[in-house]
Amino acid sequence: MIQTIAFIGVGIMGKPMVRNLMKAGFSLHIFARHKEKVEDVIAEGAAFYHSIKECVQGCDAVITMVGFPKDVEEVYYGKDNIFDSAKKGAYLIDCTTSSPSLAVRLHEDGSEKGFHVLDVPVTGGESGAIKGILSMLVGGDKEDYEACMPIFQAVGTNINYQGQAGNGQHAKMANQILVAGALSGVCEALAYGKARGMDLQVLFDSLSTGAGGSAQLSALGPKILAGNYQPGFFIKHIIKDLKLASQEADTLGLKLDMVPEVLADFEDLAAKGHGNEGSQALIKHYIDMEK
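Residues numbered from 1 in each chain as written. Predicted model: local features only at pLDDT ≥ 70, side-chain atom pairs only at ≥ 80, totals over all residues. Heavy atoms only, no water.

A.B. asks: Got a minute to help me understand the overall build of the protein chain in this structure?
C.D. replies: Helix and strand counts for the protein chain stand at 14 helices and nine strands. For 291 residues, the compact-globule estimate of 2.2 N^0.38 gives 19 Å, and the C-alpha radius of gyration of the protein chain, at 20 Å, lies within 12% of that figure. In terms of overall dimensions, the protein chain has a C-alpha envelope of 60 × 45 × 35 Å along the principal axes. Across the 291 residues in the protein chain, those meeting the buried criterion constitute 53%. (Helix = DSSP H or I, 4+ residues; strand = E, 2+ residues; numbered from the N terminus. Rg over C-alpha atoms; globule rule 2.2 N^0.38 Å. Buried < 20%, exposed > 50% of the residue type's maximum accessible area, 1.4 Å probe, protein only.)

A.B. asks: Where do I start with helix H1 (residues 14-23) in this structure?
C.D. replies: Three or four residues apart is the spacing at which side chains of an α-helix point the same way, because the helix has 3.6 residues per turn. In terms of burial, H1 is largely enclosed, as eight of its ten residues are buried. Regarding H1, the residues found buried are Gly14, Lys15, Pro16, Met17, Val18, Asn20, Leu21 and Met22. Positive backbone phi, at 100°, marks Gly25, one or two positions downstream of H1.

A.B. asks: What exactly am I supposed to notice about the environment of Asp199 here?
C.D. replies: Relative to the helices and strands, Asp199 resides in the loop between helix H10 (167-195) and helix H11 (200-207). Under the relative-accessibility criterion, Asp199 is labelled partly exposed at 48%. Residues Asp199 and Asn160, spaced 39 residues apart in sequence, show a C-alpha to C-alpha distance of 41 Å. At a separation of 2.9 Å, a polar atom in the side chain of Asp199 contacts the main-chain amide nitrogen of Gln201. At 3.2 Å, the side chain of Asp199 forms a polar contact with the backbone nitrogen of Val202. (Polar contact = N/O pair within 3.5 Å; in protein donor to acceptor, adjacent residues only side chain to side chain.)

A.B. asks: Sorry if this is basic, but what is going on with the packing of aromatic side chains here?
C.D. replies: Under the counting rule described, the total for this entry stands at five aromatic pairs. Taken together, a centroid distance of 5.2 Å and an interplanar angle of 85° make the contact between Tyr77 and Phe83 edge-to-face. Residue Phe83 is classed as buried on the basis of its relative accessible area of 4%. Taken together through their ring pairs, the aromatic side chains of Tyr76, Tyr77, Phe83 and Phe115 make up a single cluster. One Lys or Arg, Lys240, reaches over the ring of Phe68 and ends 5.9 Å from the middle of that ring. (Phe/Tyr/Trp six-rings, centres within 6.5 Å; stacked < 30°, edge-to-face > 60°. Lys NZ or Arg CZ within 6 Å of the ring centre and 35° of its normal.)

A.B. asks: So what exactly am I meant to see when it comes to unusual backbone geometry here?
C.D. replies: Note on backbone geometry: most residues besides glycine have negative phi, and most peptide bonds are trans. Positive phi, close to 65°, is recorded for Asp80, a residue that is not glycine. Residue position: Asp80 is located in the loop between helix H4 (69-77) and helix H5 (82-85).

A.B. asks: Help me understand the packing of H10 against helix H13 (residues 235-252), please; the structure alone is not making it clear to me.
C.D. replies: Any two packed helices are characterised by how steeply their axes cross, that is the angle between the axes, and by the distance between the axes. Contact geometry for H10 and H13: axes closest at 9 Å, N-to-C directions at 115°. Handedness of the crossing formed by H10 with H13: left-handed. On the side of H10, the interface is formed by His170, Met173, Gln176, Ile177, Val179 and Ala180, while H13 contributes Ile238, Asp241, Leu242, Leu244, Ala245 and Glu248. When its residues are assigned to classes, the contact of H10 with H13 shows eight nonpolar, two polar and two charged. (Axes fitted to C-alpha atoms, helices over the stretch in contact; angles between N-to-C directions. Left-handed = near helix turned anticlockwise from the far one by under 90°. Contact = heavy atoms within 4.5 Å. Nonpolar A, V, L, I, M, F, W, Y, C, P; charged D, E, K, R; others polar.)

A.B. asks: Explain the nonpolar core here, please?
C.D. replies: Side chains that are nonpolar tend, in soluble globular proteins, to be buried together. By size, the foremost hydrophobic cluster in this structure holds 38 residues, and its most contacted members are Phe7, Leu21, Ile151 and Phe152. Those elements that provide at least two residues to this core are strand E1 (4-8), H1, strand E2 (27-31), strand E4 (61-64), strand E5 (91-94), strand E8 (134-139) and helix H9 (149-155). With five residues, the single largest contributor to this core is H9. Setting aside chain neighbours within four positions, we find Leu21 in contact with Ile5, Phe7, Phe26, Leu28, Ile63, Ile151, Ala154 and Val155. (Core = buried A, V, L, I, M, F, W, Y, C linked by side-chain atoms within 4.5 Å.)

A.B. asks: I'm lost on helix H14 (residues 258-274) in this one. Help?
C.D. replies: By the burial criterion, the buried members of H14 are Val259, Val262, Leu263, Asp265, Phe266, Leu269 and His274. The buried residues of H14 occupy an angular sector of 160° when projected down its axis, which confines them to one face. In H14, those exposed residues whose orientation departs by more than 90 degrees from the buried face are Glu261, Ala271 and Lys272. On its buried face, H14 is in contact with H10 and H13. (Arc of directions from axis to C-beta.)

A.B. asks: Is there a simple way to think about the pairing of E8 in this case?
C.D. replies: Remember that side chains alternate between the two faces of the sheet whenever the strand is regular. Most of E8 is tucked away: six of the six residues are buried. Taking every second residue as pointing to the same face, both faces of E8 are buried, with Leu134, Met136 and Val138 on one and Ser135, Leu137 and Gly139 on the other. Across two bridges, strand E7 (residues 122-123) lies against E8 in antiparallel orientation. From the neighbouring strand, Val122 faces E8, where its bridge partner is Met136. Judged from the six bridges that link them, E8 and strand E9 (residues 156-163) form a sheet pairing that is parallel. (Pairing = 2+ DSSP bridges.)

A.B. asks: Would you mind going over the pattern of salt bridges with me for this structure?
C.D. replies: Pairing of side chains with opposite charge becomes possible as their charged atoms draw close. Taken as a whole, this structure holds 13 salt bridges when the rule is applied. One salt bridge in this structure joins Glu44 and Arg19, with 2.8 Å as the shortest N-O distance. In this pair, Glu44 is assigned in the loop between helix H2 (39-43) and strand E3 (47-48) and Arg19 in helix H1, connecting sequence segments 25 residues apart. The class for Glu44 is partly exposed, based on a relative accessible area of 44%. The partner of Arg33 in a salt bridge is Glu74, with the nearest N and O atoms 3.7 Å apart. With Arg33 in the loop between E2 and H2 and Glu74 in helix H4, this pair connects stretches of sequence that are 41 residues apart. By relative accessible area, Arg33 is classed as exposed at 60%. (Salt bridge = Lys/Arg side-chain N within 4 Å of Asp/Glu carboxyl O.)

Laid out in C-alpha cells, this is it:
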C-alpha cells in the first residue's frame, strides 16, 4: 500500500498536486530549491526536506514534476538523488513532459535497480491541477499503473494507460501538437477580429461555444483580452515540448507542417524576453493588444 509520497518540483503544477494528494490522505515529503516558495504547503502539512536524498528516503512513491529533460536526468541520476536514495521497490513517477527516449531509459535503469518506473506527463494546466481533474498519460508496466491508481485518482480524472514505457510521453507530444494548433488559431482569430475593428469581448462570447471553441480559447481567451500574461504554462516550456515533438517526428520520418511554424513564433517571443510569460502571450506575435 502506498502511503508516503516524495514530491520533487513543487511549482505551478506541482503545488496543487501536492495539496490534492494530502487531501486524499497521503503523507507528503517535498523538496524545492527555494523553501520560501513552498511555505504555504508546508503550513498545510507537507514535510519539507533540504535535499532530494533526505526527501525520498523511506517513501513508497516518488513523483517528479521538473522543467526540462536535463532536470529529470539530474534528479534521477545525480549523486545522492533518486536512484541512489529511494527505497527499493518504490514507485517512481515522472510527471515532467520530457523525452520519450529518456522515459524508456529511466524505466530500464530503474527496473534493474528494483524500482517501478512510470512516465506520467499530465495535461489540464494549472486550473486542472487545482481542481484535481488532470488528464494522466501513463506509460510503463500495466501492473505498476494499476498499483498507482489511488495516486492518479487524487490528482486527475481522465486516467489512461498508454502502453509501454515512453508512450506516456508520446501521448503528451500529441497533446502539445493539439495545444499549439489550437492556441495559434485563437491568436490568429483575435488578431483578425481586432484588425477589423470588432469588439473582441463580443467576438469571444460569440465563438467560445461554437464549432471553433476549444479548451485553449476558453482558458486563455479571457486572459488575452485582459492583457494577463502571467504563466499557467511558460512559453519556455512549450518551446521545449514542441522541440521534443519535432525531434520525435523526425525520428519517425513524419513531416509536421504546423508545429515548426508555431515553434518559430514562440522562439521569436522568447528571444524578445517573453520566455517566462504564459503561452497566451503568443498573441504578441500578431498584435499589440494595448493599441
